[in-house]
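This is what each chain is made of:
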There are 2 protein chains.
Amino acid sequence: MERIEHRACFGGWQDVYRHESSVLGCTMAFAVYLPPQADKRKLPVLYWLSGLTCNEQNFITKAGAQRYAAEHGVILVAPDTSPRGDDVADADGYDLGKGAGFYLNATQQPWAAHYRMQDYIVDELPALVEANLAATGARAISGHSMGGHGALTLALKHPGRYRSVSAFSPIVAPSQVPWGEKAFAAYLGADRAAWAQHDAVELLKTAGEKLPLLVDQGDADEFLHSQLKPELLKAAAHAAGHPLVLRMQPGYDHSYYFIASFIGDHIAHHAKALQA
Amino acid sequence: MERIEHRACFGGWQDVYRHESSVLGCTMAFAVYLPPQADKRKLPVLYWLSGLTCNEQNFITKAGAQRYAAEHGVILVAPDTSPRGDDVADADGYDLGKGAGFYLNATQQPWAAHYRMQDYIVDELPALVEANLAATGARAISGHSMGGHGALTLALKHPGRYRSVSAFSPIVAPSQVPWGEKAFAAYLGADRAAWAQHDAVELLKTAGEKLPLLVDQGDADEFLHSQLKPELLKAAAHAAGHPLVLRMQPGYDHSYYFIASFIGDHIAHHAKALQA
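Residues numbered from 1 in each chain as written. Chains lettered and ligands numbered in written order. Predicted model: local features only at pLDDT ≥ 70, side-chain atom pairs only at ≥ 80, totals over all residues. Heavy atoms only, no water.

For chain A, an unreviewed UniProt entry supplies the name S-formylglutathione hydrolase and the organism Luteimonas aestuarii. According to its UniProt record, chain A has this under Sequence similarities (unreviewed entry): "Belongs to the esterase D family." (UniProt positions renumbered as here; feature names shortened; annotations may be inferred.)

This is the structure in C-alpha cells:
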C-alpha cells in the first residue's frame, strides 16, 4: 500500500493510503487517522463506514473525529463506499453502483465481479491495517446511513469480530425501504431470503451475540420516515431482547453537522469497549 | 436577508444566509453558527475570513469550530471571500478575482465596481448581523491565509473595532510575496504606498492600538517560505513593540486539518477578550 496523503492533525497524522484490493479487483483508497499515541504502541481501531455518494474523504474532512480519537488513543479507518475504476460496473443514480456498495457481496451480474464490500471491510482491510500500521486486533465499527446499515449488519453477522458497534441515522431495514429494495434487488436478486442476511432488523431475530447497539438518529432527518425507520429497529431489539440505546436527537438532520455533534460520544463508547 | 440553510449542530444552529449587499453590488452568502446560548441572550461575534478559493462553506464544514463556539457562547460568522455573480469581474487563476478578494477596496478597473470586501467585512456585514441576529456589538476577527491577512490588516486599520485578533498561516507581508504582488497590482495599481495600507507588516509600523496578535503557523506549510514568511511579522512586531504570540507548529501544513487542530485555542482566546 502507498501513502498518498499525510497531514498533521491533533498531534497525530491524518493519512490516506491507496492499494490494490484483491477482493474487489480494483485500486482502492482508505483514510487512517493515527493518534499521537501510535508513535509508542499499537492501538485499537474504529472502522467508519460512510453513506451513499461518499468516498474515503467525507468523514475525515467533516466529522471532526480526530480530536476524540487523539484523546482516547483510537485509530480511525475510513474506507471508500464501493469498488472504483473504469472497469467497475455502475448505474445511473446515486443509490446504486459506485458510491453505493451497501457493504455486501453481490451475487448478481454485472455487480458480482467487483462488489464484494463485505469481504473487503471485514477481512481484507483489517488484515492490511493490522499488518502495516500500529494496530492491535481490537476492532470496533460505526457508520452513517448506508454505512450505519453496514456497521450494524457486519457486526451482527460476525460475532466476536467487533468489540462494539454504533450507528448514525442507519438504514435499519433495507428490505422494507426504497434505497434497500433497489440495491438488494440489483446486487442480490429477487430472492428476499438472501436480503435478510443483510438487514439489521432481520439479523436481530437470530443474533447469537448480544453486542449492545448504540444508535443516534435526528428527528428532523429528511429520510427518517421514508428510508430509516428506527422504530423497526427498536421493535426488533425489544422482541429479541437485544440491548439497544436509540437516541432520538431533536432538531438534527441527516448531515455531517449531526455526526460532528455526537461523534465524541460514539468514540468514547468504542474506546471504553476497545480498551476494556 | 434570507436563511437558506438551517442545521442543528452542537445544540445550536449552523445557518447560511443570502442577502443583497449594497456595498458589493451583488448577492452574497454568509454562514452563521448560533450557539445554544443565543436562545436566551445576545452573544459576541467572531468573524472568520477564509483563504483563496474558499466561500462561506469551507470553514463551517471543515474546521470543527462549532463545538468550541458552543462551549464558550460565541457566534461565528463566516463570509464569502469575494463578490460573486455573473456581472462581477473575474480573472484566470485562483489567486485573483472571484474567491480572491483580499479584504480590501479595489481602486482599479475592472475591479473597483464590486471588489469592496473591506467595507463589506468591517461595516455592512456586522451591521446586518447585529440588526438581525442575537449579536452584541462585541467583535473579534480571525482567518486563514488570505483571510489571516484580512484579519490582521482589518484589525490593525480599525482601532477599537475588534476586541481580539488571530490568524492561521497568514500572508503577513503581501507587498513582498507573489500572491500579494499580483492581487495588489490589479486591485490597487502600481503605487506601492497604497499597498502599505493593506499589509500587516507595514501597518505594524504605525499601529496606535497595540492589540495582541495570536498567530499559528505550521512549519510544514507548503507556502511558508514563498508566500507567508512569518519571520517578517515577528521582526515588525519586535521593532514596533507590538505584542505577538507566534506559534510555529511542528509538522503542520496549510490545510484545514491544521486549523481544526488549533481552532479551539483561538476561540478560547477570543472568548476571553469578548467576555472581559
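There is more to say, and it comes next.
Draft legend 1. Seen up close, the UniProt feature "active site" (unreviewed entry) in chain A. Residues and elements named next belong to chain A. Per the UniProt record, "active site" (unreviewed entry) is annotated on Ser145, Asp221 and His254. The greatest C-alpha distance among the annotated residues, which extend across 110 residues, is 10.7 Å, indicating that they converge on a single site. A relative accessible area of 5% means that Asp221 is categorised as buried. Filtering out sequence-adjacent residues up to four positions away, Asp221 remains in contact with Ser169, Leu228, Tyr252, Asp253 and His254. Relative to the helices and strands, His254 resides in the loop between strand S9 (244–249) and helix H10 (256–274). A residue is classified by how much of its surface remains accessible, and His254, at 9% relative accessible area, is buried. Look past the residues within four positions of His254 in its chain and what remains in contact with it is His144, Ser145, Ser169, Asp221, Glu222, Phe223 and Leu228. Here the side chain of His254 touches Ser145 through a polar contact of 2.9 Å, side chain to side chain. (Buried < 20%, exposed > 50% of the residue type's maximum accessible area, 1.4 Å probe, protein only. Contact = heavy atoms within 4.5 Å. Helix = DSSP H or I, 4+ residues; strand = E, 2+ residues; numbered from the N terminus. Polar contact = N/O pair within 3.5 Å; in protein donor to acceptor, adjacent residues only side chain to side chain.)

Draft legend 2. Spatial organisation of the pairing of strand S1 (residues 2–9) of chain A. All names here are of chain A. Note: S1 against strand S2 (residues 12–21), seven bridges, orientation antiparallel. Note on S2: the bridge partner recorded for Arg7 is Gln14. Two successive antiparallel strands, S1 and S2, enclose a turn made up of two residues, where Phe10 displays a positive phi of approximately 50 degrees. (Pairing = 2+ DSSP bridges.)

Draft legend 3. Structural view of the sheet that holds S9 of chain A. All names here are of chain A. Spatial ordering of the open sheet is given by S1-S2-S3-S5-S4-S6-S7-S8-S9, a layout of nine strands whose pairing is mixed. The two strands at the open ends of the sheet, each matched to only one other strand, are S1 and S9. For this sheet the average axis-to-axis angle between neighbouring strands, irrespective of direction, equals 20 degrees. As judged from the two bridges shared by strand S6 (residues 135–143) and strand S7 (residues 164–168), these two strands associate in the parallel manner. Across the sheet, the residue bridging to Ile141 is Val165, located in S7. (Axes fitted to C-alpha atoms, helices over the stretch in contact; angles between N-to-C directions.)

Draft legend 4. Local environment of the interface of chain A and chain B. Listed per partner, the contact involves 22 residues of chain A and 22 residues of chain B. With both chains or domains summed, chain A and chain B bury close to 1,900 Å², and 52% of this area falls on carbon and sulfur atoms. In this assembly, chain A and chain B are joined by two salt bridges. A salt bridge links Arg7 of chain B to Asp253 of chain A; its shortest N-O distance comes to 2.8 Å. Only S1, S2, helix H1 (57–62), helix H2 (66–72) and H10 of chain A provide two or more residues apiece to the side of chain A that touches chain B. Along the lines of polarity and charge, the residues of the side of chain A that touches chain B split into ten nonpolar, eight polar and four charged. (Buried area = accessible area lost by both parts, 1.4 Å probe. Salt bridge = Lys/Arg side-chain N within 4 Å of Asp/Glu carboxyl O. Nonpolar A, V, L, I, M, F, W, Y, C, P; charged D, E, K, R; others polar.)

Draft legend 5. Focus on the sheet that holds strand S6 (residues 135–143) of chain B. Residue and element names in this part refer to chain B. Spatially, S1-S2-S3-S5-S4-S6-S7-S8-S9 is the arrangement adopted by the nine strands of the open sheet, whose pairing is mixed. At either end of the open sheet lies a strand with only one pairing partner, and these are strand S1 (2–9) and strand S9 (244–249). The mean inter-strand angle of the sheet, taken between neighbouring strand axes irrespective of direction, is 20 degrees. Of the pairings in the sheet, the one linking strand S7 (residues 164–168) to strand S8 (residues 213–218) comprises four bridges and is parallel in character. If you follow Phe168 over to S8, its bridge partner there is Asp216. In this fold helix H3 (residues 117–132) packs onto strand S2 (12–21), strand S3 (26–34), strand S4 (43–49), strand S5 (75–79) and S6, with an angle of close to 145 degrees to the strand it touches most, S6. Packed onto the sheet, helix H9 (residues 230–240) meets S8 and S9 and runs at close to 155 degrees relative to S9.

Draft legend 6. Looking closely at unusual backbone geometry. In the segment running from Gln109 of chain A into Pro110 of chain A, the intervening peptide bond is cis, with an omega of 0 degrees. Its location among the elements puts Pro110 of chain A in the loop between strand S5 (75–79) and helix H3 (117–132). Unlike most non-glycine residues, Phe10 of chain A shows phi in positive territory, near 50 degrees. By the element assignment, Phe10 of chain A lies in the loop between S1 and S2. With a phi angle near 50 degrees, Lys229 of chain B is a residue other than glycine that sits in the positive phi range. For Lys229 of chain B, the location among the structural elements is in the loop between helix H8 (224–228) and H9.

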